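What the coordinates show
Spelled out, the chains give:
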Amino acid sequence: EDGSVQGLLELAGVPYVGAGVLGSAVGMDKDVMKRLLEQAGLPLVPYTVIRRSAWDRDQAPFLAACAALGDVVFVKPANLGSSVGISRVKKPDGDLAAAIEHAFEFDAKVVVEAGLERPREIECAVLGDDDAISSIPGEISVDHADGFYSYAAKYIDENGATTKVPADLTPEQAAVAK
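None of these values were measured; they are calculated from a predicted model.

Turning our attention to the overall build of the chain. Of the regular secondary structure elements, the chain holds 8 helices and 9 strands. Principal axes of the C-alpha set define a box for the chain whose edges measure 45 × 40 × 35 Å. Buried positions account for 30% of the 178 residues belonging to the chain. In the chain, 52% of the contacts between residues at least 6 apart in sequence involve partners at least 24 apart. When the 16 basic and 28 acidic side-chain charges of the chain are each reduced to a single mean position, those positions are 4 Å apart.

Below, the discussion takes up the pairing of strand β3 (residues 87-90). Only one face of β3 is buried: it carries Ser87 and Val89, and the other face, with Arg88 and Lys90, is open. Judged from the 4 bridges that link them, strand β2 (residues 72-77) and β3 form a sheet pairing that is antiparallel. Within β3, the position partnered with Val75 by the bridge is Ser87.

Before going further, it helps to examine the layout of surface pockets. Estimated volume of the largest pocket: approximately 2,300 Å³. The set of elements that each furnish at least two residues to the lining of the largest pocket consists of α2 (21-28), α3 (30-39), β2, β4 (109-114), β5 (121-123), β8 (138-142) and α8 (171-177). A breakdown of the residues in the lining of the largest pocket according to their chemical character gives 27 nonpolar, 9 polar and 13 charged.

About the thresholds
- Residues numbered from 1 in each chain as written.
- Predicted model: local features only at pLDDT ≥ 70, side-chain atom pairs only at ≥ 80, totals over all residues.
- Heavy atoms only, no water.
- Helix = DSSP H or I, 4+ residues; strand = E, 2+ residues; numbered from the N terminus.
- Buried < 20%, exposed > 50% of the residue type's maximum accessible area, 1.4 Å probe, protein only.
- Contact = heavy atoms within 4.5 Å.
- Lys, Arg positive; Asp, Glu negative; His and termini not counted.
- Charge placed at Lys NZ, Arg CZ, Asp CG, Glu CD.
- Pairing = 2+ DSSP bridges.
- 1 Å grid on protein atoms, 1.4 Å probe; cavity = no way out; pocket = protein on both sides within 12 Å on 5 of 7 lines; lining within 4 Å.
- Points joined across faces, edges and corners; volume = space filled by probe spheres on them.
- Nonpolar A, V, L, I, M, F, W, Y, C, P; charged D, E, K, R; others polar.

Set out below in structure tokens:
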């Protein structure tokens, strides 16, 4: 998923389908992806990035930055997929420091982002480069105790999430999603 296999295949001259090296690498690193999306002018939820070495030196500035993100935050390893290591923390009762430590079990870089009041999980496939086309948007509805599209909702609980295609979107929303 991080572009390593694609790089190996390209070096070996073996054709493959799917995202290339750069797209895979950028898509896997949530910090780099967010920076590029911001630079492109796309809207993002507020977030902060924490590196293990800086966290180990002084947690206080990071806890303060995370507190400014709102009452609900998501703590994620920056370079992992399938929602592994992600925690949803509700403040003030949630243990933010423990969630950050948990994410550090999977990566030396962690992304903490603001949670939305009523988030929707809309997805679509994109094929091509210069003349890319996209699929009809679908919506993932989560019916799991975690309250988000967690690893358990995706892979363990057979009723944890459902996908509806097409998503219930206005024509304007669908145009933006595509």
